[in-house]
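What follows is the residue order along each chain.
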Amino acid sequence: MKILTGDSPTGGLHIGHYFGSLKKRVELQNKSKLFIIIADNQAFLNINYKVIKKNIYEILLDYLSVGIDPKKTTIFIQSCIKEINEFYFLFLKFVTYKRLIRNPTIKKEINTKNISPNIAFLTYPISQAADILSFMVDYTIVGEDQKPLIEQCNEIGKKFNNFIGKNFFKKCNIIYGEKKKLIGIYGKNKMSKSLKNSIDLNFSDKDINFTVNKIYTDPNRIRSDIEGNIKNNVLFEYLKLFLDKDKYSTYIKYYKIGRIRDSFLKEKLEYEIKEFLKPIRIRRKFFLKRKKILFKIIKDGNKKAKLIVKNNLLKLKKILNRNYF
Ligand code: TRP
């Protein structure tokens, strides 16, 4: 089984990434060939180019500190594999403008960020399709928000296969993590660093306390003896990730009859997050002291990834009669 997944280095990773994908990656790296793309071209579309390099190393540190093992998993940088762009170019022919602006992920991003999209942004689903299809993988691990992108990727693969009359590109299936979508601390949008509603993997204890304090709970519960509502209650969404079932349902029971304070539950959540981060922080410290290893991991990953994509591109070029010499 071959899997390609990845992240856009727009900032470090948060618990939404962890429960949505990272945890699953750590589990599956033992049973499959796992590739992780750090999509710096995608980040270039969204953030200041000056911080991308720093973010790449932040993300790499996040990967290593949650337990992704570079001996088992290939981690590489998107822009270092130039051959991916050649796939991207070839794919452009198979996507209409109408289809692009219909993509729900694109639509949503345009609406939440309130931007007038440039062409590169509109075509980023095609770029992501190139990431996936150029590797010939069977699976990807993504959150629910990425589903339309994977659908569009498969559409492109199918169209291309029809065009060349061969079953060249594989269908890519989605593997979801434990949590398909994690809501941000204010309960409005999905957790996202750029929306400043996230609990990050590199948070200090102080950051955790500060952020947990701001979590949206039942707005009508102005005193702890008032019966609480757990629907759309972000605090309970998060507690569920960390607590065992019995404890979680006990808290729900007491909350509903007004026998437990929000502040007690927030303290509990703070404690759980800190416990969860303990081993992650230890590993982060280890790698932070060994910067040279980080360079090597990426360089080795790039080499491996390049070989695969180059080889697949060569095969495709042959089919397209582009083996001119
Ligand atoms: N769009 C993904 C995200 O923002 C990152 C990504 C880029 C990706 N290329 C990919 C994910 C290929 C899976 C497969 O998280």
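Look up: the structure comes first, before these words.
This report concerns the structure included in the present document. (Residues numbered from 1 in each chain as written. Predicted model: local features only at pLDDT ≥ 70, side-chain atom pairs only at ≥ 80, totals over all residues. Heavy atoms only, no water.)

For the rest of this paragraph, the subject is the overall build of the protein chain. Across its full length, the protein chain holds 14 helices and five strands. In summary, the protein chain has a C-alpha radius of gyration of 22 Å against a globular reference of 20 Å for 325 residues, a match within 12%. The principal-axis extents of the C-alpha atoms in the protein chain amount to approximately 80 × 45 × 35 Å. The burial tally for the protein chain puts 49% of its 325 residues in the buried class. At a minimum sequence separation of 6, the contacts of the protein chain that also span at least 24 residues come to 78%. Total accessible area computed for the protein chain in this model is approximately 17500 Å², and 54% of it derives from carbon and sulfur atoms. Averaging the positions of the 66 positive and the 31 negative side-chain charges in the protein chain gives two centres separated by 7 Å. (Helix = DSSP H or I, 4+ residues; strand = E, 2+ residues; numbered from the N terminus. Rg over C-alpha atoms; globule rule 2.2 N^0.38 Å. Buried < 20%, exposed > 50% of the residue type's maximum accessible area, 1.4 Å probe, protein only. Contact = heavy atoms within 4.5 Å. Areas by Shrake-Rupley, 256 points an atom, 1.4 Å probe, with all protein chains shown as cover. Lys, Arg positive; Asp, Glu negative; His and termini not counted. Charge placed at Lys NZ, Arg CZ, Asp CG, Glu CD.)

What follows deals with the nonpolar core. In this structure, I15, Y63, I75, L201, Y238, L269 and F276 are the most contacted members of the largest nonpolar core, which totals 57 residues. It is helix α3 (residues 52–66) that provides the largest number of residues to this core, a total of eight residues. Here I75 is in contact with I36, I38, L60, Y63, I68, I297, I298, G301 and N302, once residues within four sequence places are set aside. Listed in part, the 39 residues of the second largest apolar core include V95, I106, Y124 and I156. (Core = buried A, V, L, I, M, F, W, Y, C linked by side-chain atoms within 4.5 Å.)

Attention now goes to the pattern of salt bridges. What the rule picks out here adds up to 20 salt bridges. Here K179 and E237 are joined by a salt bridge, their closest N and O atoms 3.3 Å apart. Of the two residues, K179 sits in the loop between β5 (173–175) and α10 (205–213) while E237 sits in helix α11 (residues 234–242), which places them 58 residues apart along the sequence. For K179, a relative accessible area of 23% corresponds to the partly exposed category. Of the residues examined, E237 reaches a relative accessible area of 31% and is grouped as partly exposed. (Salt bridge = Lys/Arg side-chain N within 4 Å of Asp/Glu carboxyl O.)

With that settled, consider the pairing of strand β2 (residues 33–38). Of all six residues in β2, five are buried, a share of seventy percent or more. Of the strand pairs in this sheet, strand β1 (residues 2–7) and β2 are connected by six bridges, and their pairing is parallel. Directly across from I3, in β2, lies its bridge partner L34. Considered for its hand, the β-α-β crossover made up of β1, helix α1 (residues 15–28) and β2 is right-handed. Pairing of β2 with strand β3 (residues 73–77) involves five bridges; the strand directions are parallel. Each residue of the ladder has a partner; that of I36, found in β3, is I75. (Pairing = 2+ DSSP bridges. Right-handed = clockwise from strand over helix to strand, strands pointing away.)

For the rest of this paragraph, the subject is the site of the ligand. Neighbouring the ligand are 14 residues, the closest being Q42, Q128, D131, T140 and Q146. In the model, a nitrogen atom of the ligand is placed 2.8 Å from a nitrogen or oxygen of the D131 side chain. Contact between the ligand and Q146: a nitrogen atom at 3.0 Å from a side-chain N or O atom of the residue. Burial of the ligand by the surrounding chains reaches 88%, relative to a free accessible area of 370 Å². According to the grid-proximity analysis, the pocket containing the ligand is the largest pocket. Of all elements in the fold, only β1 and α8 (124–133) reach the threshold of two or more residues within the shell around the ligand. (Near = heavy atom within 4 Å. Polar contact = N/O pair within 3.5 Å; in protein donor to acceptor, adjacent residues only side chain to side chain. 1 Å grid on protein atoms, 1.4 Å probe; cavity = no way out; pocket = protein on both sides within 12 Å on 5 of 7 lines; lining within 4 Å. Sits in = over half its atoms within 2 Å of the grid points.)

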